[in-house]
Amino acid sequence: MIEVKLHDIGEGMTQADILSFFVKKGDKVKPDEPLVEVQTDKMTAEIPAPYAGVIKEILVKEGETIPVGTTLFLLEAESAGKETKTSPKPTHTNTSTKAVDSTREHQPPTKINSFRIMAAPYTRKIARDAGVDIEQIEGTGPAGRITDEDVYRFIENKEQPAPKVEVKEQPVQTKTESTKHQEPSTTIPFRGRRKQIGKKMSQSLFTIPHCTHFEEVDVTNILELREIWKKSNQSISATALFLKAISIALKDYPIFNARLNEEEETIELIKEHHMGIATDTEDGLIVPVIRNVERKSLKEIHADLKDLTKKAQDNKLSMKELTGGSFTISNVGPLGGSIGATPIINQPEVGLISFHKTKKRPVVNEQEEIVIRSIMNISMSFDHRVADGATAVAFTNRLTQLLEEPKLLMLELV
């Protein structure tokens, strides 16, 4: 019998939600046939069958959140069924690529020693902030690793007061009488991508001291330039121009294209500009990444934008297209978005810029004349541990200069 386990299909993935099964107990499967669909914090993925055989047991349920290493199925392989009964040594041990463990791993995991607590830095921070000794917490993750949920559960149990008899004896009839004519409320499941988004946003806010800087940008010249391109059948999206302008500004202020490593007490300045694009989909927010924006032309950036947006809507993004970002933008203007917001940083990045609705407004120009211009608001959130407000203002000033004078932007293009 072979155990088919949930393996790490991404960068540092620790858990996934079970979305749906493609097979049931007793089904015959072929090698690489999809068995189950799972949702991680990055993407939806399918776990395939490592061998041909018969599904003997399904050990998890739909909607369940499970850690990496959890056994999903027991599979009786057609080619290895007899060998596993007679041979003391497993014939297949390539668990790194097939996520399969031999029968010798049916033994329960050995609990880790107290002197070596396994927990992520963020999990340790939650415990420290709550004044909890992490050594008192029993981990439920792979190999006894302590998860965020373990810490929250420990805190909740610690703070929960002893039950009182009076609480149990509260009259139920009063509540029933006051609500008997009300329609039952509707609930929707909080799992899958929605749950992963919530977890990631909470982690970012609790970890990073956010500071948001707002600015107004006159994009009249950019809109006129795009109209000229359209007449020549050269359509370039405004987002592509924004990305290129940000990339140029990041060359002057590389502190915002960086990652903070608290454990090693270092700030890594990243040379490549891998831009995350916050994209709205039916399943929730997702952030595909355009790689090496600093080396690409406007046409290439525009083409990448169209391709990644289409894949995001169709839920066909690969893990490489969802990871490795160094800076993120959110263009909510085309959605009729608000005039401002405080965007949450895509940890472990340092900065994120949102582009908001563009409106025609009366503006006083340098000749002290009142003219009508197209004004767009932007908001930039940055990690105040890494950069200061003055640096953020200088960065957005440089970005504003490039967006308001596209001729300067053209001088910087590759």
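Here the structure is a predicted model, which means the values were calculated and not measured.

Caption draft 1: Local environment of the packing of helix H9 (residues 238-252) against helix H11 (residues 389-404). Packing of H9 against H11 brings their axes to within 9 Å, and their N-to-C directions diverge by 135 degrees. With respect to H11, the element H9 is oriented oblique. Where H9 crosses over H11, the handedness of that crossing is right-handed. Packed against H9, whose contacting residues are Leu241, Phe242, Ala245, Ile246, Ile248, Ala249, Leu250 and Asp252, the element H11 presents Phe395, Arg398, Leu399, Leu402 and Leu403 at the interface. Here the residues of the contact of H9 with H11 sort into eleven nonpolar, no polar and two charged.

Caption draft 2: Geometry of the sheet that holds strand S4 (residues 34-39). With antiparallel pairing, four strands are arranged side by side in an open sheet as S5-S4-S2-S7. A strand with exactly one partner marks an edge of an open sheet, and here the two such strands are strand S5 (44-48) and strand S7 (65-67). Between one strand and the next, the sheet's axes are offset by a mean angle of 45 degrees, whatever the strand orientation. Here four bridges tie strand S2 (residues 15-21) to S4, and the two strands are oriented antiparallel to one another. Residue Ile18 lies in a different strand from S4, and its bridge partner there is Val38.

Caption draft 3: Representation of the confidence of the model for the protein within the structure. Counting all residues, the mean pLDDT for the protein is 81, and 81% of those residues have values of 70 or more. At the low end of the mean pLDDT range in the protein sits helix H2 (residues 95-98), at 37; at the high end sits strand S16 (residues 289-290), at 96. Taken together, the stretch residues 80-116 has pLDDT below 50 and engages in 31 contacts with residues farther than four places along the chain or on a different chain.

Caption draft 4: Just the side chain of Asp17, in detail. Residue position: Asp17 is located in strand S2. Among the polar contacts made by the side chain of Asp17, one reaches the side chain of Thr65 at a distance of 2.5 Å.

Caption draft 5: Seen up close, the pattern of salt bridges. Enumeration over the complete set of coordinates arrives at 17 salt bridges. Between Lys24 and Asp27 there is a salt bridge, with the nearest N and O atoms lying 3.4 Å from each other. On the basis of relative accessibility, which here comes to 54%, the residue Lys24 falls in the exposed class. Each of the salt bridges in this network shares a partner with another, and the network as a whole consists of Glu262, Asp383 and Arg385.

Caption draft 6: Representation of the environment of His356 in the model. By secondary structure assignment, the location of His356 is in strand S18 (residues 351-364). Relative accessible area serves as the criterion here: at 2%, His356 is assigned to the buried category. A polar side-chain atom of His356 sits 2.8 Å from a polar atom in the side chain of Ser379.

Caption draft 7: Broad picture of the packing of aromatic side chains. Evaluated as defined, the whole model comprises six aromatic pairs. Note on Phe21 and Phe73: the rings are 6.0 Å apart at their centroids and 85 degrees apart in plane angle, and the pair reads as edge-to-face. With Phe21 in strand S2 and Phe73 in strand S8 (residues 71-77), this pair connects stretches of sequence that are 52 residues apart. Seen from their ring centres, Phe256 and Phe382 are 6.2 Å apart, and the 80 degrees between their planes marks the pair as edge-to-face. Of the two residues, Phe256 is situated in the loop between H9 and strand S11 (258-261) and Phe382 in strand S19 (residues 370-383); the sequence distance between them amounts to 126 residues. Here Phe256 and Phe382 have matching classes, each one buried. Taken together, the ring pairs in this structure connect Tyr253, Phe256, Phe327, Phe382 and Phe395 into an aromatic cluster.

Caption draft 8: Region of interest: the sheet that holds strand S10 (residues 210-218). Read across the sheet, six strands follow the order S10-S19-S18-S17-S13-S16 without closing on themselves; strand pairing throughout is mixed. At either margin of the open sheet sits one strand with a lone partner, and together these are S10 and S16. In terms of strand pairing, strand S17 (residues 327-331) meets S18 through four bridges, oriented parallel. Within the sheet, the bridge partner assigned to Ile329 lies in S18 and is Ile353. The sheet contacts of H9 involve strand S13 (275-277), S16, S17, S18 and S19, and relative to S17 the element is tilted by about 150 degrees.

Here is what the cut-offs are and how they apply
- Residues numbered from 1 in each chain as written.
- Predicted model: local features only at pLDDT ≥ 70, side-chain atom pairs only at ≥ 80, totals over all residues.
- Heavy atoms only, no water.
- Axes fitted to C-alpha atoms, helices over the stretch in contact; angles between N-to-C directions.
- Helix = DSSP H or I, 4+ residues; strand = E, 2+ residues; numbered from the N terminus.
- Parallel < 35°, antiparallel > 145°, perpendicular 65-115°, else oblique.
- Left-handed = near helix turned anticlockwise from the far one by under 90°.
- Contact = heavy atoms within 4.5 Å.
- Nonpolar A, V, L, I, M, F, W, Y, C, P; charged D, E, K, R; others polar.
- Pairing = 2+ DSSP bridges.
- pLDDT = per-residue confidence, 0-100.
- Polar contact = N/O pair within 3.5 Å; in protein donor to acceptor, adjacent residues only side chain to side chain.
- Salt bridge = Lys/Arg side-chain N within 4 Å of Asp/Glu carboxyl O.
- Buried < 20%, exposed > 50% of the residue type's maximum accessible area, 1.4 Å probe, protein only.
- Phe/Tyr/Trp six-rings, centres within 6.5 Å; stacked < 30°, edge-to-face > 60°.

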